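# Inside the fold
The residues making up each chain are set out below.
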Amino acid sequence: MASVVQSFEAKELKKRSWSVRLADDLTSTFGSFSFLTFNVLFFIFWIAMNTGNISGLSIMDPFPFPLMTTIVSLEAIILTLIVLMSQNRQSFISNLREEIDMQVNLTSEREITKILQILVKVAEKQGIKLEDKDLSEMLKEIEVSYLERKLEEQLGSKKINPIQKVVENLTK
């Protein structure tokens, strides 16, 4: 089963657009210790230079460092968007995996129910009486629509804030 999931993910990774590939690559880079180190060193240098602690370099962004604040803000916006693009792709793959898992589970459930039905018939032919409430329940097919309705009722009973409703409507 693990090889099926790996090949599924590999297939999905190959189908990525160039912009999503770039976002994934940038996310990997931005999430590294070397990028953190670069940022820390850059801002230490910036502050030291603009407080006059490095001789020979003129102050170009005096305290309270408005240019550095702008750079940090823009970096945060860009990093956030890139990470969100990467997360959207990962969420898509995760949703597909969940759908595959559900389909496999439903197929397995049908197969197990069929096996139990056959075993009950074999037991009856052998003259073995089976009076088991659990077995009777297991012999019934699961109604997926019933489970969906019950889950929707339970999830629907939670209060959803207006922003969440807007987001859900936009993602449909």
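First, a word on scope: everything that follows refers to the structure included in this document. (Residues numbered from 1 in each chain as written. Predicted model: local features only at pLDDT ≥ 70, side-chain atom pairs only at ≥ 80, totals over all residues. Heavy atoms only, no water.)

### Comments concerning the packing of aromatic side chains
Just so we agree on the cut-off: Ring geometry is summarised as follows: Phe, Tyr and Trp rings, the Trp one being its six-membered ring, pair when their centres sit within 6.5 Å, and such pairs are stacked at plane angles under 30 degrees, edge-to-face over 60 and tilted between the two. A simple rule labels every residue: compare its accessible area, found with a 1.4 Å probe on the protein chains alone, to the largest value its type can have, and call it buried under 20%, exposed over 50%, or partly exposed in between.
Taken as a whole and judged by the stated rule, the model has 5 aromatic pairs. Taking the centre distance of 5.5 Å and the plane angle of 85° together, the rings of Phe-63 and Phe-65 count as edge-to-face. By relative accessible area, Phe-63 is classed as exposed at 67%. Grouping aromatic residues by their ring pairs yields a cluster made of Phe-38, Phe-42, Phe-43 and Trp-46.

### Considerations on the pattern of salt bridges
Opposite charge on two side chains allows them to pair when their charged atoms are near. Definition in use: Here, a salt bridge means any Lys or Arg side-chain nitrogen found within 4 Å of an Asp or Glu carboxyl oxygen. Under the scheme used here, helices are H or I runs from DSSP no shorter than 4 residues and strands are E runs no shorter than 2 residues, and both carry numbers assigned from the N terminus.
Within the structure shown, the criterion is met by 4 salt bridges. Measuring nitrogen to oxygen at the nearest pair gives 2.7 Å for the salt bridge that ties Arg-16 to Asp-24. On the basis of relative accessible area, Asp-24 is assigned to the buried category, the value being 7%. For Asp-24, the salt bridge is made with Arg-89, and the minimal N-O distance between the two is 2.7 Å. Pair noted here: Asp-24 is in helix H2 (residues 18–30) and Arg-89 is in helix H4 (residues 66–125), with a separation of 65 residues, a long-range link.

### A look at unusual backbone geometry
Following Phe-63, the chain continues into Pro-64 via a peptide bond in cis, with omega recorded as 15°. Assignment of secondary structure puts Pro-64 in the loop between helix H3 (33–50) and H4. One non-glycine residue, Phe-65, adopts positive backbone phi at about 60°. Inspection of the secondary structure puts Phe-65 in the loop between H3 and H4.

### Let's talk about a nonpolar patch on the surface
What counts, and what does not: A patch is a set of surface residues, each over 30% in relative accessible area and not in a salt bridge, joined within 9 Å for like charges and within 5 Å for the nonpolar side chains Val, Leu, Ile, Met, Phe, Trp and Tyr. The method behind every accessible area is Shrake-Rupley, applied with a 1.4 Å probe, and residues are considered shielded solely by the protein chains displayed.
A contiguous nonpolar patch, built from Phe-33, Leu-36, Val-40, Leu-41 and Ile-44 and spanning about 530 Å² of accessible area, is present on the exposed surface. Relative to the helices and strands, Val-40 resides in helix H3.

### What about the packing of H2 against H4?
Threshold: Angles here are taken between N-to-C directions and fall from 0 to 180 degrees, while the axes themselves are lines fitted to C-alpha atoms, restricted in helices to the stretch in contact. Crossings are classed by handedness, with left-handed meaning an anticlockwise turn of the near helix from the far one by less than a right angle and right-handed meaning a clockwise turn. Should any heavy atoms of two residues lie within 4.5 Å, those residues are considered in contact. Each residue receives one of three labels: charged for Asp, Glu, Lys and Arg, nonpolar for Ala, Val, Leu, Ile, Met, Phe, Trp, Tyr, Cys and Pro, and polar for the others, Gly being one of them.
Viewed as axis vectors pointing N to C, H2 and H4 meet at an angle of 115°, and their least axial separation amounts to 8 Å. Like other packed secondary-structure pairs, H2 and H4 cross with a definite hand, here left-handed. Residue-level inspection shows Ser-19, Val-20, Ala-23, Asp-24, Leu-26, Thr-27 and Phe-30 of H2 in contact with H4, the latter providing Leu-79, Ile-82, Val-83, Met-85, Ser-86 and Arg-89. Of the residues in the contact of H2 with H4, the class split is 8 nonpolar, 3 polar and 2 charged.

### Here's the deal with the side chain of Arg-89
For Arg-89, a relative accessible area of 15% translates into the label buried. Leaving out residues up to four positions away in the same chain, Arg-89 has contacts with Leu-13, Arg-16, Val-20 and Asp-24.

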